Amino acid sequence: METRWIGRSLPRLEDERLLRGRAQFVDDVALHGALHVAFVRSPFAHGRIRSIDTSAAARMPGVHAVLTAEDLGRLDAPGPVLVPPPPIDGIEFHARTPAPLAREVVRHVGEAVALVVADSRYLAEDARDEVFVDIEPMPAVGDLEAALAEDAPRVHQDLPSNLAARTRQSRGDWEEARRAADLVIERRLVYDHGASAPMENRGVAAVWDERAEQLTVWDTTQAPIPVRGAIAATLGLSESQVRVIAPFIGGGFGPKIMFYGDELLVPWLAMRLGRPVKWIEDREESFFSTTQERSQIHHAEMALRRDGRILGVRDRFLHDTGAYDPYGLTVPINSQCTLLGCYDVPAYDSEFTCVFTHRPIVTPYRGAGRQHGVFVIERLLDHAADELGIDRVEIRRRNLLHPDRFPVRQGLIYQDFTELTYDSGDYPALLERAAEEIGYERFRAEEQPELRAAGRLVGIALVTYVEGTGIGPYEGARVRVEASGRVAVATGVGTQGQGHFTSFAQVVADQLGVHPGDVRLVTGDTQEFHWGTGTFASRGAVVAGNACHAAALEVRRKILRLASQELEAPEEDLELTGGVVQVRGAPQSAIPLGELAQRANPLRGAVEPGTEPGLEATSYFGPATGTTAAGAHAMIAEVDPETCKVTPLRYVVVHDCGTVLNPMILEGQMHGGIAQGIGNAFFEELVFDDQQQLQSGSFMDYLLPTATDVPAIESHHLETPSPLNPLGVKGAGEAGAIPVGALYAAVVEDALSGRLEPGTRIDSIPLSPERVYRLLHPDSEHTAENEGHEGDAR
Amino acid sequence: MLSDFLRHELGLTGTHVGCEHGVCGACTLLLDGDAVRSCLLFAVQCSGCDVRTVESLAGQRAGEGAATEDPLHPLQEAFREEHALQCGFCTPGFLMSLVPFLERHPDPSDEEIREALSGNLCRCTGYQNLVAAVRSAARRLRAEPGEPDAAS
Ligand code: FES
Ligand code: FES
C-alpha cells in the first residue's frame, strides 16, 4: 500500500533545529573579522541636504569608512522598479524609486543619507552620532487629500503634482445600475494598515572571497534569486559568482520581498573593503527603513434593489504609496480586484489614485491591500442591510456567487497581469457554515436580546472575502534520490515560517513512497536552485508546492522505468512504499531506492545515448492564472462601556483553500493571520504628526497584540480543489488577516447599536478604545495624547 | 549587552534579539533561575551568576551528532507537537520564560497561561498553539516530575 502524507498534520521537520536554538538566522552567521554597518538617517520628512560632514566620524578609532551618496559610484542611482504597472488601458504611472543613499533631497524620516563601517556595531553606532548632517527642513505632507492640493509640498519636484499613478477599471454599466436602483449607499471609508513588524528585523551579511572570486550574501529576503540577479548586475559580477542565502527568516509577511539599497551596499562594501560586512537593522530603524502599508480613502457607492441585490458598485480611492513607488501598483490593484469579494456585482467602476507623501515607502504587507477592498464592500453591505431592513447575513446570502458560476471571469486585470478569474469555490457553503458554527440565528433571536436587557454590549458579525493567490509566473524544484535512499529537494522560494520544509516533504514523499522525514529540503539558497521569483502573494504552496510535485512525479517515472527493467516486471505492477520499489505485494522483490539510485549512476560500463544519470529531475510549475481562495469569519464580541475595550467572545473561521497539505500548518497560518488582523483592527497604528514624524516607532507605542488580546479561534475547512494545479491547492498565507478589520467594525457597531446616535457609522480602521469612547460620547471633549495626528484616519 | 555577549562572543546564537528595548521577550534567558531579558543587562552585571540559554534546555551533549542527542525538554516536545512555532524566532524567548512559570504553576489554567505568555511577543502563531503547548507540557511535567534534564 502506498501511503499518503498530503493532508496529514505531520509535526514540522524544521522544528527541532529551531527549538534547540540551532537554526541559523542571518544575524547568527559567524563571520570572522566582520565589519559592521550603521546608517545615518534623515531626522526630517522633507528637506534639502546642504552638507554632510563625515570627518569627525571618520577619525574615530575602529572606523573604516564613512560614505555618502557621493562615494557610491555607480551604486548612486535610483533602484529598480520591481513590479512594472500592469497592462491596463489608460493607466498613468510615475515611477520614482529610492537610491541606496539619498542625495540632495530627503523625502521621508529615516531615509538613509550616509553610512558608517566600523569594527563593531557599537563603534559604528557611536560614529554615526558624529556624522554631521545639515538638512534644511522643508514642509512635508502626509494627508492624502492634502497632498493632492495644488499648493501641497511636492515629494518629487520634477512631477507636476503628488499624483503617482491613476488607474481605472470597470465593467458593466454603473450609471444604468444607479438609475435602476432602489437604494444607493454612499460612504467615505478609510482603512489604515500598518507595519508587518516581524520579530526578526532585516539584515544582510556578505563575504567576498577574493581568491575564488565568489560573493556570498546572507539576506533576510523573501526573494533570494531576484536579489542575486540584482547584486550581480549592479556589481558587475556573473550570476554564478554570487550566492544569496536566505537562511531561517524570522517572519516576513511581505516587506522582506522588497529589494532595498542596503542589500546592494553591504555586498559592495565587502568587496571594496575586503572584509566580511554585516548590517542588522534595529527595531526603531525598521519602522522607517523597512516598507510598510498605510491608508486608503475610499469614496464608494453601492446601488441595490429593494430586495438587497447589488446592481453595481462605484469606487474612487486614494492610496498612500509613500515617498517612492518601487513596487508599482500591486497594493491598490489588490484592493480594486478584491473589493468584489464573493458577490455577484453586475456593474463595477473603480478608479484609484496613488499619492506620493513624505512617509516611508508602501509595499505589500500580508493582505497587501486586500483588506482595504474587503472593508469597503463589507461596510457597504452592512449599511445597505440596515437601511433596507434586511438582516446583515441575509443580504450577503442574497448576493453570493453560486457554485455553478465558476469559473468567474471578473473582467479586471489582477496583480499578475492576467484577467482576474475565480477558479472554483462554494461561497454559500462557507457562509452557511460560519453562520451555523457561531449560532447566528439563535444569538440574534435569543441571546443578544437577553444580554442587551442585562445591559451588556455584545455584538455579532459575519463577513466574507476572497483572496487571489498562487499567482505566476513560475517556481521550480529539483528532486534527487541519493545513494543513502534519502531524498534531496531544492526549491527557489524562501521560507519564513510557513512550514515548507514539511509540507513540501509531504508532497514529495507521496510520490516516492518514502517517509517525509527522509526528505531534506533546501530553500532560499541560490547555489542549490537558481530559478524562481520568491515567496509572496500566498504562492509558496501553490507554485513551489506544485513544482515539487511535478519533479517528484518525474523521479517516480524514472524509478518505475528503471525498476521495471531490473525486476523484469511491467511498470503498472510496481509500487513505491517504505523507501523501496517492489512488485506489488511481493516484498522479496524490493529494491531500496538508494540502491536503485546507484544503479542509475553507474561508475563503469556504457549507458544508452540520451540516458540521464541518477534518479533526479527538475521541474517547473507556472499557473496560467492565480487561484482564488475564500472564507467567512464570524465573531461575537463585547464592548466594555467603561474601558471601551473590545473583547472577542467567539471567533469562527470557515476557510477554503482547496486541497490541504498539512492541516496543522494551515491552521497555524490562520491563527497568525487573524492575530495580525486583530492588531490592525484595534491595536496597531502608525501615527504621524504634521511634520510627518512617526510618533509610534517602537514596540512601546506600536502595540502588537499579545496572548491576552487574541481569542481562541475555532477554525473549519472546506475543500474545493483548484482545477488550476495538479495538487488542487490554493494559497492561504494571507487569508486570516484580510477580513478582520471589516469584522471588527461590524461587530463593534452591532454591539453598540441602540447606544449610538442615529446615523453613527464606523467608517475607519483601526479602532481603539479611544475611538470607541468617542463613538459612545460624540460630544465629549476627551482627547487622547495622540489626537491631532490622525490625519487621514478621519 | 548580555545578549550580544552570548551571541557574538560565545557564539550562543539561540538567544534572539527582536527589539533591544525590553518589550518583545525574544532575548529571555534564565539568570539564577529567573527569566530575564538579556537585552537589558550588561554582561558584567551577570558575573558569577548561573546563566541558562535555550541551548541548555535539552541538555544536549556538546560535540556529539544528532543521533546521540539528549531528547528535547518536555516543553520543547510540546511546542513541536502543538505547532507552537512558525518562524521560530520568538521561540527561545518563550521557552525560557515558560520554564520558571511551569515550575511555579504546575497546573495552570488557560487564563494563567495566556497571562504568562503575554510578556513575550510572537508575530506568527496567534498564540493559540502556544497555549495548547503549555497546557500539554504542564501535563507531561506533572507526569514525569524531577529535573527535566534527568527526565528520561
Ligand atoms: S530583544 Fe530583549 S526584549 Fe526584545
Ligand atoms: S513564531 Fe515567528 S514570531 Fe513567533
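Now for a description of the structure that goes with this document. (Residues numbered from 1 in each chain as written. Chains lettered and ligands numbered in written order. Predicted model: local features only at pLDDT ≥ 70, side-chain atom pairs only at ≥ 80, totals over all residues. Heavy atoms only, no water.)

**Here we look at the overall build of chain A**
Just so we agree on the cut-off: Secondary structure elements are taken from DSSP: a helix is a run of H or I of four residues or more, a strand is a run of E of two residues or more, and numbering for both begins at the N terminus. Only C-alpha atoms enter the radius of gyration, while the globule expectation follows 2.2 Å times N to the 0.38, with N the number of residues. Relative accessibility thresholds used throughout: buried, under 20% of the residue-type maximum; exposed, over 50%; partly exposed, between the two (1.4 Å probe, protein chains only). Should any heavy atoms of two residues lie within 4.5 Å, those residues are counted as being in contact.
Broken down by element type, chain A carries 19 helices and 30 strands. For chain A, whose C-alpha radius of gyration is 28 Å, the value lies close to the compact-globule estimate of 28 Å for 794 residues. Its C-alpha atoms give chain A principal-axis dimensions of roughly 90 × 70 × 50 Å. Looking at the 794 residues of chain A, the share that counts as buried comes to 64%. Expressed as a percentage of contacts within chain A between residues at least 6 apart in sequence, the contacts between residues at least 24 apart total 79%.

**Structural notes on unusual backbone geometry**
Negative phi values dominate among residues other than glycine, just as trans dominates among peptide bonds. Residues and elements named next belong to chain A. Note that the residue after Phe406, namely Pro407, is joined by a cis bond; omega there is -5°. Considering the arrangement of structural elements, one finds Pro407 in the loop between α11 (392-399) and β17 (408-413). The linkage connecting Ile765 with the following residue, Pro766, adopts the cis geometry, with an omega of 10°. Relative to the helices and strands, Pro766 resides in the loop between β30 (764-765) and α19 (769-776). Within the chain, Phe417 stands out as a residue other than glycine whose phi angle is a positive 70°. You can see Phe417 is positioned in the loop between β17 and β18 (419-422).

**Here's the deal with the side chain of Arg294 of chain A**
In plain terms, the rule: The term polar contact refers here to a pair of N or O atoms within 3.5 Å; inside protein, the definition further demands a hydrogen-donor-capable atom paired with an acceptor-capable atom, and it admits residues adjacent in sequence only when both atoms are side-chain atoms.
Within the secondary structure, Arg294 of chain A sits in the loop between α8 (283-289) and β14 (295-304). There is a polar contact of 2.9 Å between the side chain of Arg294 of chain A and the side chain of Asp320 of chain A.

**Quick notes on the environment of Val40 of chain A**
All names here are of chain A. Along the polypeptide, Val40 turns up in strand β1 (residues 35-41). For the pair formed by Val40 and Leu144, sequence separation is 104 residues and the distance between their alpha carbons is 28 Å. Aside from chain neighbours lying at most four places away, what touches Val40 is Glu111, Ala112, Val113, Ala114, Leu115, Val116, Arg128, Val131 and Val133.

**Here's the deal with the packing of aromatic side chains**
What counts here: Here a Phe, Tyr or Trp ring, Trp counted by its six-membered ring, pairs with any other such ring whose centre lies within 6.5 Å, and the pair is stacked when the planes are under 30 degrees apart, edge-to-face when over 60, and tilted otherwise.
Tallied over the entire structure, the rule returns 14 aromatic pairs over all chains. Ring geometry for Phe406 of chain A against Tyr427 of chain A: centres 5.4 Å apart, planes inclined by 85°, an arrangement best described as edge-to-face. Taken together, the residues Phe406 of chain A in the loop between α11 and β17 and Tyr427 of chain A in helix α12 (residues 427-438) connect sequence positions 21 residues apart. You'll find Phe406 of chain A and Tyr427 of chain A in the same group, each marked buried. Three or more aromatic residues link up through ring pairs in this structure, and these residues are Phe25, Phe248 and Phe501 of chain A together with Phe89 of chain B.

**Some remarks on the interface of chain B and chain A**
As a reminder of what qualifies: Buried area adds together the accessible area that both of two parts lose upon being put together, with accessible area traced by a 1.4 Å probe. A pair is scored as a salt bridge if a Lys or Arg side-chain nitrogen falls within 4 Å of a carboxyl oxygen belonging to Asp or Glu.
Facing 48 residues of chain B, the contacting portion of chain A comprises 52 residues. For the pair chain B and chain A, the summed buried surface comes to about 4100 Å²; carbon and sulfur atoms form 55% of the total. Together, Arg80, His83 and Arg123 of chain B form the three largest contributors to the area buried by chain B at its contact with chain A, with a combined 20%. The tally of links between chain B and chain A comes to 4 salt bridges. Measuring nitrogen to oxygen at the nearest pair gives 2.7 Å for the salt bridge that ties Glu684 of chain A to Arg123 of chain B. Linking chain B to chain A there are 20 residue pairs in polar contact (both at pLDDT 80 or more). Listing elements by their share of the side of chain B that touches chain A, those giving two or more residues are α1 (2-9), α2 (74-81), α3 (91-104), α4 (110-117) and α5 (128-143) of chain B. Looking at the side of chain B that touches chain A element by element, the count peaks at 4 residues for α2 of chain B.

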